[in-house]
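As a plain string of letters, each chain reads:
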Amino acid sequence: RRKLIFGVTFSLVVLALLELSASVLLKETLFEREAEPAVRQDWAPTMRGNPYLLWEYAPGQRTEQGTDVNINSLGLRGAEPEIPKPNDVRRIVITGDSSVYGFMVGEGEVFIDVAQERLGSIDENIEAWNCAIPGYSTYQSLNLLEMRALSLEPDIVIIANIWSDNNFDTFVDRELLSTYKNYEGGLSGLITSLFGWSSIYKAVDYLVRVDGGDEANAREVGWEVGGQDVSSGQRRVSVNDYAINLQRLVDLSKANHATPVFAILPHPTDLSPPSEPPAWALYREVMRDTAERNGSLLVDLREPLAASGLTHVELFFEEGEPGIRGNLHPTVIGHRLMGEALAEALSDWAVGGE
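Residues numbered from 1 in each chain as written. Predicted model: local features only at pLDDT ≥ 70, side-chain atom pairs only at ≥ 80, totals over all residues. Heavy atoms only, no water.

Attention now goes to the packing of aromatic side chains. What the rule picks out here adds up to five aromatic pairs. Taking the centre distance of 6.1 Å and the plane angle of 20° together, the rings of F6 and F10 count as stacked. One end of the pair, F6, and the other, F10, are both in helix α1 (residues 2-25), four residues apart, so they sit about a helical turn from each other. Under the relative-accessibility criterion, F6 is labelled exposed at 58%. Centre to centre, the rings of W55 and Y136 are 6.2 Å apart; their planes meet at 70°, and the pair counts as edge-to-face. Here Y136 lies in the loop between β6 (126-130) and α5 (138-147) and W55 lies in strand β2 (residues 54-56), a separation of 81 residues in the sequence. Judged by its relative accessible area of 1%, W55 falls in the buried class. The lysine or arginine in question, R90, covers the ring of W349, its NZ or CZ lying 4.5 Å from the ring centre. (Phe/Tyr/Trp six-rings, centres within 6.5 Å; stacked < 30°, edge-to-face > 60°. Helix = DSSP H or I, 4+ residues; strand = E, 2+ residues; numbered from the N terminus. Buried < 20%, exposed > 50% of the residue type's maximum accessible area, 1.4 Å probe, protein only. Lys NZ or Arg CZ within 6 Å of the ring centre and 35° of its normal.)

The following block contains the structure:
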């Protein structure tokens, strides 16, 4: 019995020493495993990895291309929300990627903020929350809503996802997210649940599975995983999956007592349409069909920009500027026109209508 007690005690002491040593000697590896944002800011927003969102913002203040940005505790751009929602408040949330998030556009100048300001003149208790994240597809927006954003208790969910879904890239969202799901549901997930507290286990798991394995891409910190690659021949979200996800967003909104609304985003080519249909034409058609099938309001944000008579140089950031991909990010002027049009489309609701 004494030998057994001594053996157990000795083993626990050795294990504690090994854990302490691992936490000190492998500190850098353990830090990388958490995928915290890098200190250095490059041309793009700096993200951290998340197995269900692929990447996300960490809360706090940051600067992106000279633009000050505040990220709240939900990982969303904007001030800290009051949760649960006050009884007299009505809330709008919007999903999408960098063109909805407002890349290179200051606080309060993004089109959802402009819409809130206009609607606030009708009802000061209307709030709008920006749930768009650079590079987000419909898969990521669905998970973001279910994990966090629905805690805002929205009355309206504006669905504006398209560019990231349509992108050709080196990975497919569904496959990458499925890798995590399969991992967590299998034997490896069980082992993680038992030994996830261990610094030794976390370091080995990161080095073998994450940093050097098939899932390494999903933990990269940066603008997006993989990088755009037209030659890959695969879109991040196929058009069929895009249609399914739009319907899932509708169903999720209604299940949480929110009205779904769709928004068609503008592109510089809309000002001078090309002879051949653009790559995203089918995705726009799917969004329009989904809105019609569900009897949902669809706001075409191309119209105010086309009617303005302004050039694409005035309405969109110039392609070739640091951090500007695809020349589809609206300028402050573009966002203002879009916000005014969105507010007009929601004005009946603002006064108590449907």
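Here the narrative resumes.
Bringing unusual backbone geometry into the picture now. Following I83, the chain continues to P84 via a peptide bond in cis, the omega torsion being 5°. The topology assignment puts P84 in the loop between β4 (67-71) and β5 (90-95). We note that L54 has phi near 70°; this positive angle belongs to a residue other than glycine. What makes L54 buried here is its relative accessible area of 0%.

This paragraph deals with the sheet that holds strand β9 (residues 297-300). Working definition: the strands of a sheet are paired by backbone hydrogen bonds and lie parallel or antiparallel to each other. A sheet is described by the order of its strands in space; here five strands give the open sequence β6-β5-β7-β8-β9, paired in parallel fashion. Because the sheet does not close on itself, it has two edges, and the strands there are β6 and β9. Across this sheet, the average inter-strand angle for adjacent strands is 20°, counted without regard to direction. Both β5 and β6 contribute to a ladder of five bridges, which runs parallel. If you follow R91 over to β6, its bridge partner there is E127. (Pairing = 2+ DSSP bridges. Axes fitted to C-alpha atoms, helices over the stretch in contact; angles between N-to-C directions.)

Throughout the structure, instances matching the rule amount to 12 salt bridges. The partner of R302 in a salt bridge is D300, with the nearest N and O atoms 2.7 Å apart. Residue class for R302 comes out partly exposed when judged on its relative accessible area of 24%. With relative accessibility at 13%, the residue D300 sits in the buried group. Among the charged side chains, a salt-bridge network with shared partners connects R118, R336 and E340. (Salt bridge = Lys/Arg side-chain N within 4 Å of Asp/Glu carboxyl O.)

With burial as the criterion, each face of strand β7 (residues 156-159) is covered, one bearing I156 and I158 and the other bearing V157 and I159. By the bridge criterion, four bridges tie β5 to β7 in an arrangement that is parallel. Bridge assignment links V93 to a residue of β7, and that residue is V157.

Here the focus is α5. Of all the 10 residues making up α5, eight are buried; the element is thus mostly covered by neighbouring parts of the structure. The N-capping residue of α5, defined by a side-chain oxygen 3.3 Å from the backbone nitrogen of Y139, is S137. (Polar contact = N/O pair within 3.5 Å; in protein donor to acceptor, adjacent residues only side chain to side chain.)

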